[in-house]
Amino acid sequence: MHSLQYIFVELVLVPAFPFFLLSGIMKDELVPKRMVGIAVNEKPVIVQRDGSILLEVGGPYYEEARDALARFAELVKSPEYVHTYRLSPLSLWNAAATGMSAREIEESLSAYSRYPVPDNILRDIRDYLSRYGKLKLIRQDETLLLVSDDPLLITEIANSKGLSRYIEGWGGPNRLKVAPAQRGYLKQALIKLGWPVEDLAGYTPGAPLAIDLRSTTLSGKSFALRSYQEEAVAAFWASGSERGGSGVVVLPCGAGKTMVGLGAMARARCHTLIIVTSTTAVHQWRDEILDKTTLGPDEVGEYTGDLKDVRPVTIATYQVLTWRPSKTENFPHFAVFNARDWGLIIYDEVHLLPAPVFRVTADLQARRRLGLTATLVREDGREEDVFTLVGPKRYDVPWKVLEKQGWIATATCTEIRLSLPQEKRLEYALARDPHVKYRLAAENPAKLAVVRELVARHRDDQVLVIGQYLDQLAELAAELKAPLITGRTPTQKREALFAAFREGREKVLVVSRVANFSIDLPEANVAIQVSGTFGSRQEEAQRLGRILRPKAGANQAYFYTLVTRDTKDQEYAAKRQLFLTEQGYRYTILDAAELTDRLGSSEA
Amino acid sequence: MKYQEFLAHIGDSQTLSYLGRLHGLDLSPRQSPARMREQLCARLADPTYLESYIRELPEVEQMGLMVTAFGRKDLFPTTESVHNRLNELCKKTGRTGGRIMASLVSRGLVFTSRDSSYRSLYVLPDEVFWVLLRLLAQRHAVPNQPPLPQEPAFGFDILSVLNELFLFLGWLRREPVRLTQAGYIYRREQQRLLSYFNPPEEPDAEQEKPYPPRLRFLVSFCDTYELIAPFADSAGNTYLGTTPEADKWMQKSLNRQAKEVFEYLYDHLQYLHGPLPWMLLLPASVISDKGWLNLTTLIPSLTEWAVDPWYLPEREVPQAIKWLTSFGLVEKAYINGQQLIRLTVGGKRFRSGLLPAIKQDTKFLVQPNYEVLVPQELKPKIRWNLEAYTDLVKNDRVVVLKISEQSVYRAFKRGFHPDEFLTFLEKHVRTPLPENVVYSLRDWCDRYGAVYLEQPLLLACRTPELASEIAADPRFKPYLRGEFTPRHLRVDPDRYMEFLAALEAAGYRPRPGIARDKAAAEAKGRLRDAEKEE
C-alpha cells in the first residue's frame, strides 16, 4: 500500500452540464406552433410575479394577445402604451366556468410572454383551476344542496364553525343541505376561503312577461342593439343556462348600458325590477323601455319617493329602498324585492350599490341579477362583494376601443390651470382644514372668466358646466344667464330643462352633482368642470361620460377641467384623472393665459 | 484532483503493476511508469468501470467510501475520525475502520494526504467522488410523477439578484437606515425593505442570523465592494448608507456587474455556508428525467456517516435548503410525507458555473399616471439616475417606479439639478413623455428654490441719510446689492474687504471687520453722540 504525502489541495468540482440558454427560451411544448420562432422582443406580454400582466400596445401581436388574455384575466387599466391585466382567483374561475383548462391558460400566457412565466403564477393557475368544480350548488326537488366529489373537502366544510350557520345538515353522501336564503352568503364565505362554488342551482324563472325589442322605436327610428351590446347580453345570458344569468357588464359611459339592460329583459321575458340612482334616471329608463320595447305604459311602474307603483317592470331608486325612519329600524321598502315574482333584477350604476342592498342581494341569489356600470371602482373596496353577490364581470371593453369604433364620441380632455388671486392666497395659506382649502381653491373667482371664455368659444355647442359648490354654480349661472339644476330643483323642472337642452332651446346648463350619473343628454358635447368631490376618480369618469354619447358629424366631445394651481385643487385633480388616464385618455394642460393662443380666439 | 494527478505521485513500477492487476490490467513492469500510469488512469477514470467496481465492493468498504466522501460538510476527514466512525458503525462485523480504509487505499480508491496542520487526511479522486455522488443520488432518487410538478421551475435568475441589489442600494441612498448597537438593520426596517423583494423575505427569527439569506448576501456583497458604509449622525445614531463607490459601481455595464455578483454568489455559497448547500446541489444535479432527491431518506444517511460531532445534518441540511430555495436554485415538494428537492432550470445553470450574457436596454416607459416601467435589463447607470428621482412602487420582472413631487424634491435636496431630470427622461423614454407628466415636472422644477435662506452682509449706517448718501455714491455701487432697511445696505459678502477699504479711502471711518455684537457697536456710537451733545 502506498500513501501519498503532499500538501492538501482543495478540490474544485466543475462537471460539464448542458448549458441552458438565456432567459427567454420558452418551454416549447407549451407554446402553440404559430408563436414558435417569433422573436422574443416582439412578444407583447410580460407576466409579473404578483399576477399583473403588462400588455404592450401597438406591436404586431397586440390584438391577438389581448383577445387571449381577455378570456382569463381582467383588464385593470389601459393607458396609452401599456395595458394592465390581472390574474385573480375570480378571473381564473370565470375562465374555468367557460371550460378553459389550466394548460390552455398556461399555453396562452407562454405564447405571448416575453419572459418565462413566473413559477408561482403557473402554480397558482393550476391550483385555482383545480378548485373549480369541486364544489357545486345544485337543486334537487326543492332542496338546495352543496355537493363535492371530494369527501374530505365536504367534511371539512360541514365541520367548519364559520360555515355552520349556512348548512342545514347532510343531504346524502358528500352532500350538504343549504338554506335557500343562505345561498349567497355561503358562496361569499366559500370564496373568501378560496373555494369557488359552481352555482348550478338555477334561477327562479319569475312571472312571465312578453317583452321584445322593437325594430322601429315608438319615436319612429330604426333600432337594433349594437354588436358589443349584443355580445354583452349574450355573455350575461349564456343561452339561459345556469352558468349565466348573474353578473356585471362594464361599458364606458355613453355606450348604452341601458340598451344592454333592455336586451337582457328581452331574453329573460319575465317580471323585472330595475334599481337606479335617481328619479330622473327612473324616468329615463321608463322612456327607453316604452320607446324601444313592446311593453305598454301599464306594464311599467315607478317606485320612488313620490310614487309607489309596482308593475311587471318596476323601476326603483336606491334612495327609496335604503330609506328608513331611523337608524335602528328596518328598511320598509325592501318589501318591493318580494312584491312580485321577479325573474330579473337590474342594478344600474352597480358600483354605487349601497351596503344595505348588499344584504338583500344575498337573499336574492335565486333570481337573475345584472349589474351595469362604467366604473367598477368603490372607495370602500367592496368590489369583490359586488362580484360575489351580483355576479362576476361578464363583459368589459376598454373605452378607447369603443371610441375608435365610433360608438362613443372622441373626447379631448384639457386641464386649464389658473392662479389663485393674491387676495385669496393668504386666506388659503392660513386655512388648516384640507376641505376648506379645497373649497377656497375650487371656488377661485378667476374661474369665472375662463368659463365665460370657453362658453363663448363653444357658442354653437351644447355645454354643461358642472361643479360641486352651489354658491359657485349660482354665480356661474347668473353670469352665463343659464339655468341652474341642483338637488333642490324639483324633478319636474329638471326634466323640463333637460328636455329644453335636448331640443337645443337651452345651449348651456349649469348643474351640480345631480348630473353625475344616469342623466341622458346625448346632445351635450362640451363639459366644463369647475369643481368636484375631492379626488373621486369615479366622478371624473362619470362626468366625462355625460358627453360621450356619439354625435353626428365629427363625433367630437370636449372636456375641460379648471384647476387652481399649487393648491389642493391641483392635488385632487391629479388623483381624479387617474381612472381616465388609465383608460387611455390624455389630458392637455394649459395655462389660463395660454387659452387664447392654443384654442384660438373666441372672437374668431 | 483527478486520478492523473494522484497517480503522478506513484513512481514505483511494482506498485503500479499491482494496482493494474487489481483492476484487470496486465501492466508489464518493462513499460515505463508513465505508460503504466497512463493505462491505469484510463481504466480508473472510466466511470462505468469504476461504478461497477465500487458496487462489487463489500458493504463495509462502500460505507467507508461514503464516510470519506460525505462524513464532513467541508474538507476531507482526518484518518482518525474516519476510523472511529467506522469502528462504531461496523462493530458487529468485526472489521475495524483502519482495516477497511487500508483495503480501500490498497485498491487505489482512496489516498492519504496532510492538511496545513499536518493532520493525516483521507482524500478521494474526483472520479471516485462523482461515482459515489451518482450512487448516493440513485439511492435517494424519486422519479417525477403526479402530483409532483412535471416541469422544473425556472428558479434562479442573475437578473433578479442584480435587481434586488439595485433595490437595496437605491433604498439606502434614498434614506439611510438606522442600525442597532450591534450594527444590524432594525427588524422593522428590514421588513419594509424585504417586502419589496421578489419573492418577499422575512427577517430571520434566529438571533445568530440577523438577516435572511438574500439580504445577507446583499449586505455581504456591498460590504466587500465598499458600496455601503455606516456613519453616525450628530446625535450618535448609526446609519447605513451608500458610498461614492456605489455611484462608481453603478456606472459599470450590466454584464460586468452580473459577473461580479455571480462569482461572489458562487463563493458565498461555498464559504459562508460551507459546501453543504453545494454538496446538496451535486446529487440533485445528477438525477435525470426531472427526478427528485429525497431529503427525508438522505438526511439519516448523512447523519450516519458524519465523522464530525459538530456536523448535524438534521439541522444543517434544512438551513442549507432554505438558502438554496431562497435563491431559486432548488425547488421543494412533498409527497407521502417525504420532502423532495430538485434543481431548477436556473439552478442547473448556476451549477454549471456559466453566466448567460445579458442584452442591456437603454429605454424605459413613462405612463400618464406618473409610473415608470423599467425593464430589469436597463443599463445600471440609467437606472441609478432614474432611482434618484423616483419612488419604488413594485419590484418585479418589470420594475415600477413612480415620479411624484416629493420624489423629485428629494433628489433636488440631494443636489441633483432640476433641469437635468426632464432632459434625462426625454433621452431615455421609449415613447413620448405624456404631456401631463412634462407639465407637472416643469411646474415642480419651477417651484424648486422659490424660497431659500440667505445670510446677508449689511452695512449699518447710523442714520438713513448716511445710508442714502453711501448708496448714491457711484464709487460704492460695485459693492452694494440694494437696501435692506432705510439704515442698512446689503453688501456683496465676497468683496466686503475691498468695500471697507473704499469707504476708508473716501473719508468714511468704518468699524473694521464684521461687528458680531450689534448692541455693543451701537452703544459705543450712542455714547459718542451723548458726549457730543454735552
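Note that the structure is a prediction, hence the values are computed from the model and not measured.

Draft legend 1. View of the overall build of chain B. The secondary structure content of chain B amounts to 24 helices and 16 strands. On C-alpha atoms alone, chain B measures out to a radius of gyration of 37 Å, which is more than a quarter above the 24 Å that the 2.2 N^0.38 rule sets for 534 residues. For chain B, the spread of C-alpha atoms along the three principal axes comes to 130 × 55 × 45 Å. The buried share of chain B, taken over its 534 residues, is 52%. If you sum the accessible surface of chain B, you get close to 25,900 Å²; carbon and sulfur atoms cover 51% of it. Separation of charge centres in chain B, based on 70 positive and 67 negative side chains, amounts to 3 Å.

Draft legend 2. Main features of the packing of helix H18 (residues 380-389) of chain B against helix H20 (residues 418-428) of chain B. All names here are of chain B. Between H18 and H20, the shortest axis-to-axis distance is 11 Å and the interhelical angle comes to 135°. Relative to H20, the element H18 is oriented oblique. As for how H18 packs across H20, the hand of that crossing is left-handed. For the pair formed by H18 and H20, the contact residues are Ile382, Asn385, Leu386 and Tyr389 on the first element and Glu420, Phe421, Phe424, Leu425 and His428 on the second.

Draft legend 3. Up close: the side chain of Asn198(B). Considering the arrangement of structural elements, one finds Asn198(B) in the loop between helix H10 (187-194) and helix H11 (213-224). One polar contact links Asn198(B) to Arg49(A), side chain to side chain, over a distance of 2.7 Å. A polar atom in the side chain of Asn198(B) sits 2.5 Å from the backbone oxygen of Asn395(B). For Asn198(B), the contacting residues outside a window of four places in its chain are Arg49(A), Glu164(B), Arg214(B), Asn395(B) and Asp396(B).

Draft legend 4. Structural detail: the packing of aromatic side chains. As enumerated under the stated definition, the model contains 36 aromatic pairs over all chains in all. When the ring of Phe221(B) is compared with that of Tyr225(B), the centres are 4.4 Å apart and the planes differ by 25°; the resulting orientation is stacked. On the accessibility criterion, Tyr225(B) (28% relative accessible area) is partly exposed. Summarising the aromatic geometry, the rings of Tyr225(B) and Tyr264(B) are spaced 6.4 Å apart at their centres and angled 70° between planes, so their arrangement reads as edge-to-face. Of this pair, Tyr225(B) sits in the loop between H11 and strand E5 (228-232) while Tyr264(B) sits in helix H13 (residues 254-271); the two residues are 39 residues apart in sequence, bridging distant segments of the chain. One aromatic cluster is present, built from ring pairs that chain together Phe217(B), Phe221(B), Tyr225(B), Trp249(B), Tyr264(B), Trp323(B) and Phe327(B). Positioned above the aromatic ring of Tyr585(A), the side-chain terminus of Lys400(A) is 4.4 Å from the ring centre. Sitting over the face of the ring of Tyr115(A), Arg397(B) holds its NZ or CZ atom 3.5 Å from the ring centroid.

Draft legend 5. Representation of helix H16 (residues 446-457) of chain A within the structure. With twelve residues, H16(A) should reach 16 Å at 1.5 Å per residue; the first-to-last C-alpha distance of 17 Å fits that figure. For H16(A), the full list of buried residues reads Lys447(A), Leu448(A), Val450(A), Val451(A), Leu454(A), Val455(A) and Arg457(A).

Draft legend 6. Main features of the confidence of the model for chain B. All names here are of chain B. When pLDDT is averaged along chain B, the result is 86; 94% of the residues meet or exceed 70. Mean pLDDT per element in chain B: helix H24 (residues 518-533) is the minimum at 51, and helix H12 (residues 244-249) is the maximum at 95. Scored below 50 in pLDDT, residues 525-534 makes three contacts in the model with residues more than four places away or belonging to other chains.

Draft legend 7. A look at the pairing of strand E13 (residues 398-402) of chain B. Residue and element names in this part refer to chain B. Of all five residues in E13, four are buried; the element is thus mostly enclosed. Two elements, strand E11 (residues 371-375) and E13, share five bridges in a ladder whose sense is antiparallel. Bridged to Glu371 within E13 is Lys402. Strand direction decides the pairing type here: strand E12 (residues 391-394) and E13, joined by three bridges, are antiparallel. Residue pairing across strands places Lys394 opposite Val400, the latter belonging to E13. Two successive antiparallel strands, E12 and E13, enclose a turn made up of three residues.

Draft legend 8. Quick look at the pattern of salt bridges. As enumerated under the stated definition, the model contains 56 salt bridges over all chains in all. Where Asp50(A) meets Lys394(B), a salt bridge forms, and the shortest distance between an N and an O atom there is 2.6 Å. Of this pair, Asp50(A) sits in the loop between strand E1 (45-47) and strand E2 (52-56) while Lys394(B) sits in strand E12, which puts the two residues in different chains. Its relative accessible area of 22% is what places Lys394(B) among the partly exposed residues. Taking the shortest distance from any N to any O, the salt bridge between Glu201(B) and Arg214(B) comes out at 3.9 Å. Residue Glu201(B) is found in the loop between H10 and H11, and its partner Arg214(B) is found in helix H11; the two are separated by 13 residues along the sequence. Note on Glu201(B): relative accessible area 7%, which makes it buried. Given a relative accessible area of 5%, Arg214(B) falls into the buried group.

The rules behind these values
Residues numbered from 1 in each chain as written. Chains lettered and ligands numbered in written order. Predicted model: local features only at pLDDT ≥ 70, side-chain atom pairs only at ≥ 80, totals over all residues. Heavy atoms only, no water. Helix = DSSP H or I, 4+ residues; strand = E, 2+ residues; numbered from the N terminus. Rg over C-alpha atoms; globule rule 2.2 N^0.38 Å. Buried < 20%, exposed > 50% of the residue type's maximum accessible area, 1.4 Å probe, protein only. Areas by Shrake-Rupley, 256 points an atom, 1.4 Å probe, with all protein chains shown as cover. Lys, Arg positive; Asp, Glu negative; His and termini not counted. Charge placed at Lys NZ, Arg CZ, Asp CG, Glu CD. Axes fitted to C-alpha atoms, helices over the stretch in contact; angles between N-to-C directions. Parallel < 35°, antiparallel > 145°, perpendicular 65-115°, else oblique. Left-handed = near helix turned anticlockwise from the far one by under 90°. Contact = heavy atoms within 4.5 Å. Polar contact = N/O pair within 3.5 Å; in protein donor to acceptor, adjacent residues only side chain to side chain. Phe/Tyr/Trp six-rings, centres within 6.5 Å; stacked < 30°, edge-to-face > 60°. Lys NZ or Arg CZ within 6 Å of the ring centre and 35° of its normal. Expected span 1.5 Å × (residues − 1). pLDDT = per-residue confidence, 0-100. Pairing = 2+ DSSP bridges. Salt bridge = Lys/Arg side-chain N within 4 Å of Asp/Glu carboxyl O.

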